[in-house]
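Structure assessment
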Amino acid sequence: MIPRTLFNDDHQMFRDAARRFIAEQITPFHGEWEKVGMVPRELWNKAGEAGLLCPNVPEAYGGPGANFLYNVVIAEELGRAGATGPGFTVHSDMVASYILSFGSEEQKKQWLPKMVSGEVVGALGLTEPGGGSDLKAMRTRAERDGDHYVINGQKTYISNGQLCDIVVLACKTDPSAGAKGVSLIIVETDRPGFERGRRLEKFGLKAQDTSELFFNNCRVPVANRLGEEGMGFKMAMHKLAHERLIISVNAMAVCEAVLEWTVAYTKERKAFGQAIAEFQNTRFKIAELTAQVQSARVFVDRCVELSLDNKLDSTDAAMAKIVACELQCKVVDECLQFFGGYGYMLEYPIAHAYIDTRIRRIAGGSAEVMREIISRKIFGAER
Ligand SMILES: Cc1cc2nc3c(=O)[nH]c(=O)nc-3n(C[C@H](O)[C@H](O)[C@H](O)COP(=O)(O)OP(=O)(O)OC[C@H]3O[C@@H](n4cnc5c(N)ncnc54)[C@H](O)[C@@H]3O)c2cc1C
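This one's a predicted model, so the numbers in the text were calculated from it and none came from an experiment. As a convention, each chain's residues are numbered from 1 in the sequence order in which they are written. In keeping with the model being predicted, local features are shown solely for residues with a pLDDT of at least 70 and side-chain atom pairs are shown and tallied solely at 80 or more, while totals for entire chains, interfaces and linings include all residues. Each side-chain value is worked out from all heavy atoms of the structure, with water and hydrogens disregarded.

**Description of the site of the ligand**
What counts here: The nearness test applies per residue and asks whether one of its heavy atoms lies within 4 Å of the molecule or strand. Contacts described as polar in this section are N or O atom pairs within 3.5 Å, which, within protein, must combine one atom able to donate a hydrogen with one able to accept it, while residues neighboring in sequence count only if both atoms come from side chains. Each accessible area is a Shrake-Rupley estimate made with a 1.4 Å probe; only the visible protein chains count as cover when residues are assessed. Here a helix means four or more residues in a row that DSSP labels H or I, a strand means two or more in a row labelled E, and each is numbered from the N terminus. Side-chain classes follow a simple rule in which Ala, Val, Leu, Ile, Met, Phe, Trp, Tyr, Cys and Pro form the nonpolar group, Asp, Glu, Lys and Arg form the charged group, and the remainder, Gly included, forms the polar group.
Looking at the ligand, there are 20 residues lining it, with L124, T127, G132, S133 and Y157 nearest. In this structure, L126 approaches the ligand through a main-chain N or O atom, which is 2.8 Å from an oxygen atom. Side-chain polar atom of S133 to an oxygen atom of the ligand: 2.6 Å apart, as the coordinates give it. Notes on the ligand: free accessible area 970 Å², of which the protein chains cover 66%. The set of elements that each furnish at least two residues to the shell around the ligand consists of β1 (122-125), β3 (148-158) and α11 (367-379). Classifying every residue of the shell around the ligand gives nine nonpolar, nine polar and two charged.

Take a look at the structure:
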């Protein structure tokens, strides 16, 4: 196997600590959380104490001041353990990342230390019932009234929706200006006019609190806006590349874990007097999947390197997402086959991996939108 070159001994120590935390504080309880549809609020504080939230936030804002590679380690360890309930990557890699990149000094000082400790949980509100792929068409409206915005609208499918204390919310501040009419506003969830809707019932990611959010004449100070008015679409496009990279990182870890489980299982399980691993079909299929995962891993790692240098563009990120996520769908499907009936039983992690994987072609930008982004680069934007 091609050795990974991203990490040093410090990252390995951090990985060991993250793996221990997940094994002790998440894995034993995940099944229960799936039944109630969310993780307990205290998990966030424990994760904060253990240094697993927002590791790349600088010391000046209460963080450990590590780099993005520590976020990568957390996303990988969550993926490897099948820990799909805790929305840590949405919190750290999306919400905190927006504030870190585009927030004012005051906003950073106000929110980031509490996001690092887990005192504040973040959610990202882009998608609406009318559509998520076409962000420009959003209808949530923020109308200026003196030094406040008055927000009306609705978001849906919002991860961390039941537990969040703040939402980085995409709204139209100028509905006539298309993409240039979108702004991002930090909305505290204790403001009058904010209401949580249903915790949505999903067939996978069952421990993740995905929700509707409502805004009914919700007054928010103009000082809560991230960056300039009308720059929200541009900021979201920039950050969506980062989101797609962290999804790809997580997807690769799932692929590798699933392959490990499958190799172990097929060595043990017998049929027709031999281990399933001895059938040529098994060996060839696992060999082929391993080669594909290894190739994708090298590409995703290279994208991580580009991201560390601030050189990852939206096309690279779209390629990483489509390659890693399509491969995850293929790997869990084909590996599940080797488990036979056990693969269909929820007591086996492979069954969870299978149902939790389908989202990969939808959330964070659908597979079709990724293809669209890549083809625009190839053929030009005009059609
Ligand atoms: C579990 C879960 C968690 C989520 N978490 C969040 C979150 O935290 N915050 C948030 O804002 N959103 C979140 N989402 C929303 C997610 O990002 C959207 O579902 C996704 O972007 C697709 O938007 P949509 O569902 O409105 O589908 P639509 O926009 O209605 O698209 C439906 C389908 O149409 C096709 N399509 C759309 N556009 C094109 C195109 N240009 N070319 C070709 N085909 C196209 C694709 O096949 C696509 O899947 C989450 C969704 C889920 C299910």
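There's more to say after this.
**Let's talk about the side chain of H11**
Test applied: The cut-offs for exposure are 20% and 50% of the maximum accessible area for each residue type, with area from a 1.4 Å probe on protein chains only; residues under the lower value are buried, those over the upper are exposed, and the others partly exposed.
Positionally, H11 belongs in helix α1 (residues 9-26). Accessibility expressed as a relative area gives 6% for H11, which makes it buried.

**Some remarks on the packing of helix α5 (residues 88-102) against helix α6 (residues 105-117)**
How we decide: A fitted line through C-alpha atoms represents every axis, and for helices the fit uses only the stretch in contact; the resulting angles, taken between N-to-C directions, go from 0 to 180 degrees. Roughly parallel means an angle under 35 degrees; roughly antiparallel means over 145; roughly perpendicular covers 65 to 115; every other angle is labelled oblique. Crossing handedness is defined as follows: a turn of the near helix away from the far one that is anticlockwise and smaller than a right angle gives a left-handed crossing, while the clockwise case is right-handed. Every residue pair with non-hydrogen atoms within 4.5 Å of one another is taken to be in contact.
Here α5 crosses α6 at 160 degrees, and the two axes come no closer than 10 Å. Taken together, the axis directions place α5 and α6 in an arrangement best described as roughly antiparallel. Of the two elements, α5 crosses α6, and the hand of that crossing is left-handed. Every residue of α6 that contacts α5 at H91, V95, A96, I99 and L100 is listed here: Q107, K108, W111, L112 and M115.

**Here we look at the side chain of R360**
As a reminder, the rule being used: By the counting rule applied here, Lys and Arg register as positive and Asp and Glu as negative, while His and the ends of each chain are not counted. Salt bridges are defined by distance alone: a side-chain nitrogen of Lys or Arg within 4 Å of a carboxyl oxygen of Asp or Glu.
Mapped onto the secondary structure, R360 falls in the loop between α10 (349-357) and α11. Look at R360: it is buried, it has no salt bridge, and the nearest opposite charge is E243 at 8.6 Å.

**A few points about the pairing of strand β4 (residues 166-172)**
Basically, it comes down to this: Whether two strands pair comes down to DSSP finding at least two bridges between them.
Of all seven residues in β4, seven are buried; the element is thus mostly enclosed. Burial of β4 is two-sided: the residues I166, V168, A170 and K172 facing one way and the residues V167, L169 and C171 facing the other way are all buried. Here seven bridges tie β4 to strand β5 (residues 182-188), and the two strands are oriented antiparallel to one another. From the neighbouring strand, V167 faces β5, where its bridge partner is V187.

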